[in-house]
Amino acid sequence: MKVAVVWSSPNVDGLTNRGAKQFMNGLVKAGAEVDEIHLNRTRMNHCMACGNGWGQCRETGECALKDDFADVYKRLTEADGIVFVSAVYWSDMTECMKAFLDRLRRCEATHNHYLAEKRCVLIACAGGTGRGTLECLGQMEKALVHMGMRAYDRISVIRYNSDYVLPALEQAGEVYVERLENGFDMRY
Ligand SMILES: Cc1cc2nc3c(=O)[nH]c(=O)nc-3n(C[C@H](O)[C@H](O)[C@H](O)COP(=O)(O)O)c2cc1C
């Protein structure tokens, strides 16, 4: 069982990293192999909406830009489960996560459909007022839905709940592996 954990924050010792780590601890405890992808450490350009706006990806399923996108995309296709963890910026996901999901959606929704039906976990980590976690989760889920992927859970981590939500993320990781192995009891 392989789970990719795609996380985004420039900080390697912040709330987002702590959230991702806790979830990964649970994944490992449950026996999963983890593929950690720290998006801010990759070369991830934003979509150029090439051609007439639909891009070559609609015809070929491949992005025209040459950077780390193709490698990260391939790793997601090889994973049984995918976890997206983003810091909350402007009540939204980080620019890096957005750039990645924009390009993934193009390739997936218009051509490839490799990731359709995957059950994912979404985690938003906000260190400010905590406002905007729901919008961030909602924006990430919108991209998933366009790709035919599904959010199995949506988790908010804020500084006021981190004392009890961060420990719970470990258990969430364990349960996610269990569900990946035994099936999801969800209809959507
Ligand atoms: C550009 C920017 C925008 C932010 N917007 C929000 C926000 O809308 N809501 C919030 O609670 N925190 C906001 N924050 C605070 C981040 O969520 C906070 O820095 C958080 O800890 C990020 O995770 P990190 O510790 O991994 O960096 C913002 C921070 C930055 C740099």
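Just above, that's the structure.
Residues numbered from 1 in each chain as written. Predicted model: local features only at pLDDT ≥ 70, side-chain atom pairs only at ≥ 80, totals over all residues.

A. Molecular detail of helix α1 (residues 15-29). For α1, spanning 15 residues, the distance from its first C-alpha to its last is 21 Å, which sits close to the expected 21 Å at 1.5 Å a residue. Within the sequence span of α1, burial applies to L15, T16, G19, A20, Q22, F23, M24, G26 and L27. Looking at the buried residues of α1, the elements they touch are β1 (2-8), β2 (33-38), β3 (81-87), β4 (119-126), β5 (150-158) and α6 (162-182). Looking one or two places after α1, you find G31, whose phi comes out positive at around 95°. (Helix = DSSP H or I, 4+ residues; strand = E, 2+ residues; numbered from the N terminus. Expected span 1.5 Å × (residues − 1). Buried ≥ 20, exposed ≤ 12 C-beta atoms within 10 Å, placed from the backbone. Contact = placed C-beta atoms within 7 Å.)

B. Structural view of the nonpolar core. Judged by nonpolar contacts, the single largest core of 54 residues is most densely connected at V5, V6, V83, F84, I123, C125 and M140. Looking at this core, the elements with two or more residues in it are β1, α1, α3 (69-77), β3, α4 (95-112), β4, α5 (133-146) and α6. (Core = buried A, V, L, I, M, F, W, Y, C linked by C-beta atoms within 7 Å.)

C. Spatial organisation of the pairing of β5. Where β4 and β5 come together, eight bridges link them in parallel fashion. Considered in β5, the bridge of C125 is made with V157. You can see the chain leave β4, run along α5 and come back into β5, and the turn it takes is right-handed. (Pairing = 2+ DSSP bridges. Right-handed = clockwise from strand over helix to strand, strands pointing away.)

D. Here's a closer look at the pairing of β4. Taken across its eight residues, β4 has seven buried, putting it largely inside the fold. Tracing the backbone out of β3, into α4 and back to the parallel element β4 gives a crossover that is right-handed.

E. Representation of the site of the ligand within the structure. Taken together, 19 residues are adjacent to the ligand, and G14, T16, A126, G127 and G128 come closest. Elements with a contribution of two residues or more to the shell around the ligand: α1 and β4. The element contributing the most residues to the shell around the ligand is α1, with three residues. Residues belonging to the shell around the ligand are distributed by class as follows: seven nonpolar, eleven polar and one charged. (Near = placed C-beta within 6 Å. Nonpolar A, V, L, I, M, F, W, Y, C, P; charged D, E, K, R; others polar.)

F. Geometry of the sheet that holds β3. Strand order in the open sheet formed by five strands is β2-β1-β3-β4-β5, with parallel pairing between adjacent strands. Each of the sheet's edge strands pairs with one partner strand only, and the pair in question is β2 and β5. With direction set aside, neighbouring strand axes in the sheet form an average angle of 15°. Contacting β3, β4 and β5, α6 runs over the sheet at an angle of about 165° to β5. (Axes fitted to C-alpha atoms, helices over the stretch in contact; angles between N-to-C directions.)

Everything listed here is a matter of geometry and, on its own, says nothing about what the molecule does.
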